[in-house]
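Listed below, chain by chain, are the residues.
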Amino acid sequence: MTFVDLIIERHSCDHALQQAVALINARRYRQAIPILDALHRREPQGCIQSSEVVQFYLIESRMALARRAAQRRALAEAIREYGAAAKLAPRYADLRHALGMIEYERRRYAAAAAEFRRALRINPRYQAARVQLGLTMLRQRRYRAGLRLFAGLARDCSLVDQERYDRAVAAAQRRRYREAEGGFAAAFRSRPDRGRALCAMGQDAYRESRYDEAIRHFRQAQRLAPGYADVYNNLGACYSRKGNWGRAARCFAMAASLAPRFTRAWLNLAYVCDRLGDRERAARAARSALRLDPANKLATAILRRDGATRTAALKDRQHG
């Protein structure tokens, strides 16, 4: 092939690509796809430098058609379009997640779980896929596996709403799994506001034992979101680590007052009051935790210890 022939072929390729892009901009994806497919097939002989551009537009067109199909509830069509896009981009985790979401809506939970796992093999830190895999496990009645997954997420994830998480766990323990599903979905739904971002930074610092830095972040978050119970609970945890039990108790009490169904706040308050020697207040907090989570071992242990202390004190008075 002569140099002039190469210039002519490259020019015609660019012209076809421009035509396809114009159709995409007009949202005429079905008309753009045959042009892009033809360019994609010809790329080994010509237009090599535009290969990635052609593939990008082809994937975007398929995904746009898939989203349209999903919106009008044509789920089988949506799966075909997402599947075609996934063949072009097998390492694109978002596509696998999208396929999983469609399968989940179709109640094909085994297929949905397989897609979410594929997304996680590509990107192990893909939080949305982990959350959705956990919800799918609950739908499959694989309750223990689902709860283990959510427990791991709660340890790893900074942007978790602990109050909602605790309520979801309590619902699951009472076998109210549909209620638990909604709770877990809400607990791990990311919120990009500044207060929660600061809270996430504080949690990262706390995990690395940088408690003073964590306290600074949580205090900033407290000023931005004074009604957010998690901030006070996290502050209390930091003060506990520093041995400031009085401040910790005040923070946990505030968290529990802001969110009366926040099991973890009541447990933390019970534990700290027990450390302070305030047995009566510790028992009250433990009873509040047990009302929310009847199987909680820490609350049960605190109440047993309180009962044993009261029995011993009564015997002392009787013998005195």
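Before going into details, it helps to say that this report is about the structure given with it. (Residues numbered from 1 in each chain as written. Predicted model: local features only at pLDDT ≥ 70, side-chain atom pairs only at ≥ 80, totals over all residues. Heavy atoms only, no water.)

### A closer look at the environment of Tyr-165
Thought 1: Mapped onto the elements of the fold, Tyr-165 is located in helix 9 (residues 162-173).
Thought 2: Tyr-165 gets classed as buried once you look at its relative accessible area, which sits at 7%.
Thought 3: Remark: the alpha-carbon pair of Tyr-165 and Phe-188, spanning 23 residues in sequence, is separated by 8.1 Å.
Thought 4: Setting aside residues up to four positions removed in sequence, Tyr-165 forms contacts with Phe-150, Ala-151, Ala-154, Val-160, Phe-184, Ala-187, Phe-188 and Arg-264. (Helix = DSSP H or I, 4+ residues; strand = E, 2+ residues; numbered from the N terminus. Buried < 20%, exposed > 50% of the residue type's maximum accessible area, 1.4 Å probe, protein only. Contact = heavy atoms within 4.5 Å.)

### Observations concerning helix 8 (residues 143-156)
Thought 1: Look at helix 8: 20 Å from first C-alpha to last across 14 residues, which is about the 20 Å you get at 1.5 Å a residue.
Thought 2: Among the residues of helix 8, those classed as buried are Ala-145, Gly-146, Leu-149, Phe-150, Gly-152, Leu-153 and Ala-154.
Thought 3: Where helix 8 is buried, its residues meet helix 7 (127-139), helix 9, helix 10 (177-187) and helix 11 (194-207). (Expected span 1.5 Å × (residues − 1).)

### Topic: the packing of aromatic side chains
Thought 1: For the structure shown, the criterion picks out 8 aromatic pairs.
Thought 2: Between Tyr-104 and Tyr-109 the ring centres are 5.5 Å apart and the planes differ by 65 degrees, which places this aromatic pair in the edge-to-face class.
Thought 3: Every member of this aromatic cluster is reached through a ring pair, and the members are Phe-150, Tyr-165, Phe-184 and Phe-188. (Phe/Tyr/Trp six-rings, centres within 6.5 Å; stacked < 30°, edge-to-face > 60°.)

### Quick word on the packing of helix 4 (residues 75-88) against helix 5 (residues 93-105)
Thought 1: Here helix 4 crosses helix 5 at 160 degrees, and the two axes come no closer than 10 Å. Judged by the inter-axis angle, helix 4 sits roughly antiparallel to helix 5. Helix-helix and strand crossings are classified by hand; for helix 4 and helix 5 the assignment is left-handed. Of the residues in helix 5, those touching helix 4 at Leu-75, Ala-78, Ile-79, Tyr-82, Gly-83, Ala-85 and Ala-86 are Leu-95, Arg-96, Ala-98, Leu-99, Ile-102, Glu-103 and Glu-105. (Axes fitted to C-alpha atoms, helices over the stretch in contact; angles between N-to-C directions. Parallel < 35°, antiparallel > 145°, perpendicular 65-115°, else oblique. Left-handed = near helix turned anticlockwise from the far one by under 90°.)

### Things to note about the pattern of salt bridges
Thought 1: Under the criterion given, the structure shown has 21 salt bridges.
Thought 2: Arg-118 is paired through a salt bridge with Glu-115; the nearest N and O atoms lie 3.1 Å apart. On the criterion of helical spacing, the pair formed by Arg-118 and Glu-115 is a turn pair, its members being 3 residues apart in helix 6 (residues 109-122).
Thought 3: With a relative accessible area of 10%, Glu-115 lands in the buried category.
Thought 4: Between Arg-284 and Glu-280 there is a salt bridge, with the nearest N and O atoms lying 3.5 Å from each other. Residue Arg-284 and its partner Glu-280 are both found in helix 16 (residues 279-292); the two are separated by 4 residues, about one turn of the helix.
Thought 5: Given the relative accessible area of 43%, Arg-284 is considered partly exposed.
Thought 6: Bridged by salt links that share partners, the residues Arg-30, Asp-37, Arg-62, Arg-72, Glu-77 and Glu-81 form one connected network. (Salt bridge = Lys/Arg side-chain N within 4 Å of Asp/Glu carboxyl O.)

### Observations regarding the environment of Arg-175
Thought 1: Mapped onto the fold, Arg-175 is located in the loop between helix 9 and helix 10.
Thought 2: On the accessibility criterion, Arg-175 (68% relative accessible area) is exposed.
Thought 3: Taking the C-alpha atoms as reference, Arg-175 lies 9.3 Å from Tyr-143; in sequence the two are 32 residues apart.

Any functional reading would require information that these geometric values do not contain.
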